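Analysis of the macromolecular model
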Amino acid sequence: MSQALDPHAATVAKAAGVEPGPRLTTADGRPLTRALARSSRKARRRAFLLVLPLLLFILITFVVPIGQMLQRSVKNDGFSANMPQISAWFAENPRGTEPDEAAWAALAADLQQAARDRTIGIVGTRINYDMAGTRSLFTSAGRQARNGLEPPYRDAILDIDARWESPALWSIMREASSAYTANFYLAALDRTRNTQGDIVMAPSERQVYIMLFQRTFVMSAVITFMTFLLGFPVAHLLATLPLRKSNLLMIFVLLPFWTSLLVRTTSWMVLLQQQGVINDILVWLGIIGTGQRLQMIYNQTGTIIAMTHILLPFMILPLYSVMRTINPSYVRAARSLGATSWTAFRRIYFPQTLPGLGAGALLVFILAVGYYITPALVGGSSGQLISNMIAMHMMQTLNWSMAAALAALLLASVLLLYWVYDRLVGIDNLKLG
Amino acid sequence: MKKTLILTSALVGVAGAPQAQEGQLNLLSWGGSYGNSHVEAYAKPFEAETGIRVTISDADNPATPLKAQVEAGNVTTDIASVEYADAVRLCDEGLLEEIDASVLVDAEDGTTPEDDFIDGAITECFIGTDVYSMVLAYNDDQFPDAKPSAPADFFDTENFPGKRSMRKGAKFNLEFALMADGVPADEVYDLLGTPEGVDRAFAKLEEIKPDVIWWEAGAQPPQLLADGEVSMAYAFNGRIFAAAQEDDLPFEIVWDGQIYEMEGWVIPQGAQNVEAAHEFIAFTTAPQHQARAAEFISYGPPRRSAAALVGNMEGTDIPMGPNLPTYAENMTNALASNLDFWVDHDGELNERFSAWLAQ
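Residues numbered from 1 in each chain as written. Chains lettered and ligands numbered in written order. Predicted model: local features only at pLDDT ≥ 70, side-chain atom pairs only at ≥ 80, totals over all residues.

Thoughts on the overall build of chain B
Helix and strand counts for chain B come out as 15 helices and nine strands. Computed over the C-alpha atoms, the radius of gyration of chain B is 21 Å, within 12% of the 21 Å expected from 2.2 N^0.38 for a compact globule of 359 residues. Taking all 359 residues of chain B together, 51% fall into the buried category. Here the analysis covers contacts within chain B between residues at least 6 apart in sequence; of these, 74% occur between residues at least 24 apart. (Helix = DSSP H or I, 4+ residues; strand = E, 2+ residues; numbered from the N terminus. Rg over C-alpha atoms; globule rule 2.2 N^0.38 Å. Buried ≥ 20, exposed ≤ 12 C-beta atoms within 10 Å, placed from the backbone. Contact = placed C-beta atoms within 7 Å.)

Right under this line is the structure:
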């Protein structure tokens, strides 16, 4: 394969293969093909060594962590690793088997061991993901089991808490007894398993993720469209103005780009809030009364305004770089052939900006889908995006498997979008600057 | 992930942290004005009295590096200040040494520590050092006539107009809603453990849902109050008090319906100076030192006998006592945050809260 990459090597090899005439050799008598192969191998090795640091960097800081994170979304051995005996019982007995004394004995032994190893908290946390209120069930049982439990184990455990008999609990422990599970993905799609193990919708008051995914994509699309609407004329101006003026304008585009994200978000708060600058001016002008101050922040409007502003440069810069290369004589030619200015724009100019537009739209959309800090600060209750839920599971509930499942779904949908874009527009048409 | 964490913390440990040795104590604290109270009220007098050198490092949340240190088997911290919730979690996971509570000193009148500390301040792996709380705070300028005085007033936008600010999350809000609905503090968690109780709390929150601006960072509520964007907030008492003092703002605190939590000392499993750490715990939880710490930051001592010893706020003539969550008069209808409840229901109730918010 490597030889095929080198056109000269390929020619030489073919020449050597087809014509069995006198062998070509170098000055010191070695076959030319081998000498060529050796020197190109050396060059390749040097090139590889040059990119090696980058490759390692990407591998260590990008591929490995993402891989581990994705693994977390299907693997959680909090229960199976710390409760081996009851996990074995589940493996031997099919679903629907009533827990017998052997099961209770295995449970008792595991509880005691986990309590002594102080891993009972991990076990309880794992079960608690699927059934709220069970973490303390495990930790309190563990505290009492540490001193030893007497047979019959069923009665001993039920003495600690009658909830241990619940079929739902046993069903969830069965699910958790294998380290690999799809349940986090089910939960991320507002679905859950009933005691028979069938997939059903989660109770309506807890259905939130599908709605948030939808909202995230709709709002990202709106923001992308807004950046296009605002960015296109600016990019055009930048590309057509004389260099000195366009440089000044460029600085105005880049200045916010260099300003801290938090500073920009906070300044929008100062401008948009009900006691803020814009409302004050409107009241001062008499356009609205003091009682009618507009609610422009802590809702979706605020999120869209702030994020459009923050992401605007990502639309303008690719558009600008493409527009600069468009030859103005095409449009002039169209006009001279009788096209109106609108037709000339629509049929001649606009199609030529598509590679920049595609790149800008893709950049803005993908960034918007994963945005976290701005919606958290100005989003209020209706401006929450899926990333805020991922952050909650990472930092508050510490359910990293759930966060990983949500993030994986987000990643998958972005890749899907990328694929669709490639099919419709073609990724070769992308121009990033 | 774990391996990477271990590797990084091991590297950091080798490079940065001081090695444990005789006559030395490595303390991991929070930095900021809270960390400063540890330096001034605890570490300096402790060094002066015992000759044990205290080296302080800071972390955003000491529980995180603590966990990494123990899992990597490279424990450089001898004692750390963590939140109660983290202490229980770390203790359950076996990452903490047990603390021998017999080293704690009696109050001056001879009350034993068990009676002197508030409930929950002495556990297997954790000794409480201070109490902070969520309180109802309002901007005095916005209420020239009647002033809010109870949780119910927070939900009464007719008599007390203006927007409200609450923490974006289920914790604190559900309890507060039930207290505003007339549930006495000691019945709140029993009720919240039932589906009806949760429904009732959400129904109460629903009353003011359109008027609430939800905060996420602790610095937001004082800012919203100062801007006049909201007239009342349910927020951490220390933030409100500090903003009112530093910027001379007309913030008032209603202590009725406060929910308090604790921070305190833990010793990581495998710490090298366990004995010195115990000595430090005994010293810092003595009533006079607890009282001294409260003069630097408005977090209350968890010892009843320490409350009376608190003097003026450091560098001012403002008496600190009445501004502390544990001041006797502030404790009427106060609720101790129930950690077991939240560890059990955090995921479930936060999901429901998010769904409710988004509807």
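Considerations on unusual backbone geometry
Residues and elements named next belong to chain A. Of the consecutive residues P151 and P152, the connecting peptide bond is found in the cis state with omega at 0°. With respect to the secondary-structure elements, P152 resides in the loop between α7 (135-145) and α8 (153-160). Backbone geometry places Y298, a non-glycine residue, at a positive phi of 65°. Relative to the assigned elements, Y298 resides in the loop between α14 (277-284) and α15 (300-323). Judged by C-beta crowding, with 27 C-beta atoms within 10 Å, Y298 ranks as buried.

Concerning the interface of chain B and chain A
Residue-level contacts link 26 residues of chain B with 34 residues of chain A. Counting residues per element, the ones that place at least two in the side of chain B that touches chain A are α4 (84-92), β6 (212-215) and α15 (339-358) of chain B. No other element matches α15 of chain B, which puts 14 residues into the side of chain B that touches chain A. The residue inventory of the side of chain B that touches chain A, partitioned by class, reads seven nonpolar, seven polar and twelve charged. (Nonpolar A, V, L, I, M, F, W, Y, C, P; charged D, E, K, R; others polar.)

Concerning the nonpolar core
For soluble globular proteins, nonpolar side chains are generally found buried alongside one another. Membership of the largest hydrophobic core comes to 155 residues, with the highest contact counts inside it found for L406 of chain A together with A137 and V266 of chain B. Ranked by residue count, the leading element in this core is α15 of chain A, at 13 residues. Look past the residues within four positions of V266 of chain B in its chain and what remains in contact with it is A80, V82, A87, L90, L96, C125 and F126 of chain B. In this structure, A115, L149, I172 and M173 of chain A belong to the second largest nonpolar core, which totals 29 residues. (Core = buried A, V, L, I, M, F, W, Y, C linked by C-beta atoms within 7 Å.)

Structural notes on the confidence of the model for chain A
Residues and elements named next belong to chain A. Scored by pLDDT, chain A has a mean of 87; 94% of the residues are at 70 or more. Here helix α1 (residues 2-5) stands out as the element of chain A with the lowest mean pLDDT, 44, in contrast to helix α11 (residues 209-240), whose mean of 94 is the highest. Note that residues 1-7 has pLDDT below 50 and, in this model, seven contacts with residues that lie over four places away or in other chains. Here residues 9-13 is a poorly scored stretch, pLDDT under 50, and it has eleven contacts once near neighbours within four places are set aside; other chains count. (pLDDT = per-residue confidence, 0-100.)

Examining the packing of helix α10 (residues 220-227) of chain B against helix α11 (residues 237-246) of chain B
Residues and elements named next belong to chain B. In contact at an axis separation of 9 Å, α10 and α11 are set at 45° when each is read in the N-to-C sense. On the basis of the axis angle, α10 is oblique to α11. Relative to α11, α10 is oriented so that their crossing is right-handed. In this structure, α10 contributes P221, P222 and A226 to the contact, and α11 contributes R239, I240 and A243. Considered class by class, the residues forming the contact of α10 with α11 number five nonpolar, no polar and one charged. (Axes fitted to C-alpha atoms, helices over the stretch in contact; angles between N-to-C directions. Parallel < 35°, antiparallel > 145°, perpendicular 65-115°, else oblique. Left-handed = near helix turned anticlockwise from the far one by under 90°.)

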